[in-house]
Amino acid sequence: MRCSEFGLRVSAFALTLVAPIVLGVDKQTKVVPVPVVSTLPPLNIAVTAKWHYLSAFVYFVVANTIACTYAALSLVLILATRGGKQGLALTITILDLVMVALLFSSEGAAAAVGIIGYKGYSHVRWNKVCNVFEGFCHQGVAAIVLSLLGSVAFFLLVVLATLNLHKKCK
């Protein structure tokens with residue numbers, strides 16, 4: 001195993017470990033005034049934003065956990081075999097590509113929900129929530145960026161494997 005492959009694999013592991021933790025501890029409670037009747041003062045209600053209230057965020061956490069587990073297992077397998085088996089190298093490259101697809105899809109889902117939270121969706125009367133739960137939204141963005149960097153690390157592993165295959169064919 002090359003040093004660059006080892007570094008990318010460790011980076012992918014670390015980033016996909018930290019991203020679901022950052023989102024998993026994301027919780028914010030705010031007191032929101034809710035008007036009942038225009039002549040009466042609004043009711044103040046405590047509202048909590050949690051990551052598991054949104055299925056896209058649940059998918060994001062699960063996908064990153066799968067990718068993190070795979071990164072750890074692939075590191076152990078590669079270090080144990082020292083690159084001796086071609087079939088294992090091909091399987092790991094294919095699984096790296098699967099992790100890229102899994103992570104990109106979860107990041108897209110989480111980002112779509114985040115954009116709706118940031119901008120709202122006036123056509124169906126969904127209001128913005130990031131102006132109220134600002135800390136929750138910032139932490140969600142940080143988790144998505146960390147995961148995106150992890151998926152780029154997996155993508156670069158696929159690129160390295162492809163370049164190595166190209167060198168062997170010459």
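In this text, all values refer to a predicted model and were calculated from it rather than measured experimentally. Each chain has its residues counted from 1, running along the sequence as written. Given that the model is predicted, a residue must reach a pLDDT of at least 70 before its local features are reported, and side-chain atom pairs must reach 80 or more before they are shown or counted; all residues, however, enter totals for whole chains, interfaces and linings. The side-chain numbers reported here are obtained from all heavy atoms of the structure, hydrogens and water having been left aside.

(A) Region of interest: the overall build of the chain. The helix and strand inventory of the chain stands at four helices and two strands. Runs of E in the DSSP output that reach at least two residues are strands. Runs of H or I that reach at least four are helices, and both are numbered from the N terminus. In the chain, the order of α-helices and β-strands from amino to carboxyl end is α-β-β-α-α-α. In this setup the radius of gyration rests on C-alpha atoms only. A globule is expected at 2.2 Å times the number of residues raised to 0.38. Against the globule reference of 15 Å for 170 residues, the chain gives a C-alpha radius of gyration of 21 Å, more extended than a compact globule. Dimensions of the chain, computed from C-alpha atoms along their principal axes, come out at roughly 80 × 30 × 20 Å. Here the chain, with 170 residues, has 29% of them falling under the buried criterion. The buried label applies to any residue whose accessible area, calculated with a 1.4 Å probe on protein chains only, is under 20% of its type's maximum; exposed applies above 50%, and partly exposed to all values in between.

(B) A look at the UniProt feature "transmembrane region" (unreviewed entry) in the chain. UniProt positions are given in the numbering used here, feature names are shortened, and annotations may be inferred rather than shown by experiment. As recorded in UniProt, the feature "transmembrane region" (unreviewed entry) lies at residues 57-80, 92-121 and 141-165. With 100% helix and 0% strand, residues 57-80 has end C-alpha atoms that lie 35 Å from one another. Annotated as 100% helix and 0% strand, the span residues 141-165 places its first and last C-alpha atoms 36 Å apart.

(C) Quick peek at helix α1 (residues 3-24). Here, expected helix span is obtained from the residue count minus one, scaled by 1.5 Å. In a regular helix each residue adds 1.5 Å, so 22 residues correspond to 32 Å; α1 covers 32 Å between its end C-alpha atoms and thus fits that length. Only heavy atoms matter for contacts: two residues are in contact if any of them lie within 4.5 Å across the pair. Close packing links the buried residues of α1 with α2 (55-81), α3 (86-119) and α4 (134-169).

(D) Spatial organisation of the state of the cysteines. When two cysteine sulfur atoms lie within 2.5 Å, the pair is treated as a disulfide. A full pass over the atoms with the stated rule returns one disulfide. Covalent S-S linkage joins Cys130 and Cys137, the inter-sulfur distance amounting to 2.0 Å. Residues Cys130 and Cys137 are joined through a disulfide that is left-handed, its torsion about the S-S bond being -90°. Judged on exposure class, the residue Cys130 and its partner Cys137 are both buried.

(E) Spatial organisation of the packing of α2 against α3. Helix axes use the C-alpha atoms of the stretch in contact, all axes being lines fitted to C-alpha atoms, and the angles between their N-to-C directions lie in the range 0 to 180 degrees. Running from amino to carboxyl end, α2 crosses α3 at an angle of 160°, the nearest separation of the two axes being 9 Å. As judged from the angle between their axes, α2 and α3 are roughly antiparallel. Remark: the crossing between α2 and α3 carries left-handed chirality. Looking at the contact of α2 with α3, its residues break down into 19 nonpolar, five polar and two charged. When an angle is under 35 degrees it counts as roughly parallel; over 145 it counts as roughly antiparallel; between 65 and 115 it counts as roughly perpendicular; any other value is oblique. The handedness criterion is simple: a crossing whose near helix is rotated anticlockwise from the far helix by less than a right angle is left-handed, and one whose near helix is rotated clockwise is right-handed. Under the scheme applied, nonpolar residues are Ala, Val, Leu, Ile, Met, Phe, Trp, Tyr, Cys and Pro; charged residues are Asp, Glu, Lys and Arg; polar residues are all the others, including Gly.

(F) Just α3, in detail. The terminal C-alpha atoms of α3 lie 49 Å apart, and with 34 residues this matches the ideal 50 Å at 1.5 Å per residue to within 8%. Considering only its buried residues, α3 is in contact with α1, α2 and α4.

(G) Focus on the packing of α1 against α2. Interhelical geometry of α1 versus α2 gives an angle of 150° and a closest axis separation of 8 Å. The angle between α1 and α2 falls in the class roughly antiparallel. Crossing of α1 against α2: the hand is left-handed. For the contact of α1 with α2, the residue count by class is 18 nonpolar, four polar and two charged.

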